[in-house]
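Descriptive structure summary
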Amino acid sequence: SWLPPEAMDAACDTITAMWTPGAPAVFEMAGWLAESSVDECFAPGGALNLEGCNPRRRGREGGGARPTLRGVCTSRDAQEALFCLLRHDAVEKERRFSVQTHRCGVCLEDDVLGADFVRLCKPRCDHRFCARCVTAQATVLVRDGTVGSIVCPEPGCGAPPDPEVLRSVLSPEDFARWERLTLERSLDAMSDLVYCPRCEAPVIEDADGDHCGRCASCMFVFCSLCRESWHPGETCLTPERRLQVLQSRSRGDAAMGDDARRRHREQVADAMAQRYIDREGTQCPRCNTGVVKSEGCNKMTCGGCGCFFCYKCGKEVFGYEHFREGDCSLFDLDAIAAWEREMNAAFVVQENRNRDAHVRGGEVRQTRCPKCRQPNWKLERNNHVLCWSCNQHFCCACMRVVRRGQEFRDHYGTGPGKCRQHSAD
């Protein structure tokens, strides 16, 4: 439906010339179509010309050129012919991909059928992963509440997911939770949007910068900073003072109803969390989510919006230039000392295990962790090794990471493609 008549005529004439009565010709014709037809007839010089692909219109304009009887182009113009060609190419690629086996970039299985792959982020990217990995990853992130981390797993891509694909891989409950959390994250990203402390309806702050919110649902006018009634000209309470007021209010109101008591407990919990964040942590500069660092470097990743920021000064950062050029350091000295003490203790434990194995007369062989490349040791014919540095389990026979649980049971055994857990070197 997309070939110009001249190209179709030339192809038909070439195939006709290959036929000799009484001699085999089908194999030669098929070989020519597969290997040489594009360069000789359809796209000579590597360029496909789709102009003039409507023989009826060209016949009217050119004075009686008749269409070929062996192949008639049904496209009305070059754009329709190009569309038919691209559509056929996409359908054929999808068909061939679905019947072949491919390797999943998440679980690293090599024999996954193409029909079992999912394009999580179509049409933004063409990366595909097996449906089992996409479903497991999306389900865990949705139930953890980190919906902003649901992106294409391909390194360096990070495309957002397609809602219809998520609907097909998630359960109805998880998909409803994803929609609700995504909406909340989008609303939280708006700097002038707050929630009414009475009915929890979204409210837009006044534009004059006085932090006044007027709820259109319950008509409550409140301060967006302390979530109390509107108090023009007065300073908001500090987190410590607000917690004291809430606790004293709870002790003095014994006739509080169940719903009011529940709301009051939530307010006390919010005040305690805010006081803890002010004392021990910091807030994300983009969505104001509280973050408290337990260990590691000072480049933080917000679990709510995925923003990268500096834990020392609270500024949003891109890459590591902020720590090289400014006054903030990537690692604190006490964090470095704690990490060195932890690594030294783990290495001493591993050396003691090696020494005990030597004393028992067991076999000890040095290897390296496939994840962190630190030296490890295979003890007494056991191929399942726990890395002392990154705490990752791996197989010493094939040097692949093997996690505990079902992956451990599927990896070791006596069947084809499995490694033996205990074997000599």
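Please refer to the structure higher up on the page.
Bear in mind the structure is a predicted one, so any value in this text is a computation, not a measurement. (Residues numbered from 1 in each chain as written. Predicted model: local features only at pLDDT ≥ 70, side-chain atom pairs only at ≥ 80, totals over all residues. Heavy atoms only, no water.)

Residues Phe331, Leu333 and Ile336 make up a contiguous nonpolar surface patch of roughly 310 Å² in combined accessible area. Inspection of the secondary structure puts leucine 333 in helix H12 (residues 333–359). Classification of leucine 333 by relative accessible area gives exposed; the value is 73%. (Patch = residues over 30% accessible without salt bridge, like charges linked within 9 Å, V, L, I, M, F, W, Y side chains within 5 Å. Areas by Shrake-Rupley, 256 points an atom, 1.4 Å probe, with all protein chains shown as cover. Salt bridge = Lys/Arg side-chain N within 4 Å of Asp/Glu carboxyl O. Helix = DSSP H or I, 4+ residues; strand = E, 2+ residues; numbered from the N terminus. Buried < 20%, exposed > 50% of the residue type's maximum accessible area, 1.4 Å probe, protein only.)

Here threonine 282 is to be found in strand E9 (residues 282–283). Judged by its relative accessible area of 17%, threonine 282 falls in the buried class.

Under the counting rule described, the total for this entry stands at seven aromatic pairs. Note on phenylalanine 175 and tryptophan 178: the rings are 5.6 Å apart at their centroids and 25° apart in plane angle, and the pair reads as stacked. With phenylalanine 175 and tryptophan 178 both in helix H8 (residues 172–188) and three residues apart, this pair spans about one turn of that helix. A residue is classified by how much of its surface remains accessible, and phenylalanine 175, at 5% relative accessible area, is buried. A ring pair is formed by phenylalanine 220 and phenylalanine 222, whose centres lie 5.8 Å apart and whose planes are at 15°; its orientation type is stacked. Relative accessible area serves as the criterion here: at 9%, phenylalanine 220 is assigned to the buried category. (Phe/Tyr/Trp six-rings, centres within 6.5 Å; stacked < 30°, edge-to-face > 60°.)

Its identity is not glycine, yet asparagine 391 carries a phi of approximately 60°, on the positive side. You can see asparagine 391 is positioned in the loop between strand E15 (384–386) and strand E16 (393–395). With a phi close to 60°, methionine 399 is a non-glycine residue in the positive phi region. By the element assignment, methionine 399 lies in the loop between E16 and helix H13 (406–411). A relative accessible area of 30% places methionine 399 in the partly exposed class.

On to the state of the cysteines. Enumeration over the complete set of coordinates arrives at zero disulfides. For cysteine 152, which is in no disulfide, the shortest distance to another cysteine sulfur is to cysteine 157 and amounts to 3.7 Å. Using a relative accessible area of 4% as the deciding quantity, one classes cysteine 152 as buried. The closest cysteine sulfur to the non-disulfide-bonded cysteine 287 is located on cysteine 302, 3.5 Å from its own sulfur. For cysteine 287, a relative accessible area of 18% puts it in the buried group. (Disulfide = S-S within 2.5 Å.)

Tracing the chain through its elements places asparagine 298 in the loop between strand E10 (290–291) and strand E11 (299–301). Under the relative-accessibility criterion, asparagine 298 is labelled buried at 0%. Within the structure, asparagine 298 has its side chain in polar contact with the side chain of lysine 293 (distance 2.7 Å). With sequence-adjacent residues up to four places away left out, asparagine 298 is seen in contact with Lys293, Phe309, Cys310, Tyr311, Lys312, Phe323, Ser329, Leu330, Phe331 and Asp332. (Polar contact = N/O pair within 3.5 Å; in protein donor to acceptor, adjacent residues only side chain to side chain. Contact = heavy atoms within 4.5 Å.)

On the secondary structure map, leucine 330 appears in the loop between helix H11 (321–325) and H12. Under the relative-accessibility criterion, leucine 330 is labelled partly exposed at 24%. C-alpha separation for the pair leucine 330 and lysine 299, spaced 31 residues apart in sequence, amounts to 6.7 Å. Leave out the neighbours within four places in its chain, and leucine 330 touches Cys297, Asn298, Lys299, Tyr320 and Phe323.

Before going further, it helps to examine the nonpolar core. A general tendency of soluble globular proteins is for nonpolar side chains to be buried together. One finds Leu166, Leu170 and Trp178 to be the most contacted residues of the largest nonpolar core, which totals 26 residues. Of all the secondary-structure elements, those providing two or more residues to this core are strand E3 (117–118), strand E4 (129–130), helix H6 (131–144), helix H7 (163–169) and H8. The element best represented in this core is H6, accounting for five residues. Setting aside chain neighbours within four positions, we find leucine 166 in contact with Leu120, Ala138, Ile150, Pro161, Phe175 and Trp178. Counting eight residues, the second-largest nonpolar core is a separate cluster that includes Cys287, Val291, Met300 and Cys307. (Core = buried A, V, L, I, M, F, W, Y, C linked by side-chain atoms within 4.5 Å.)

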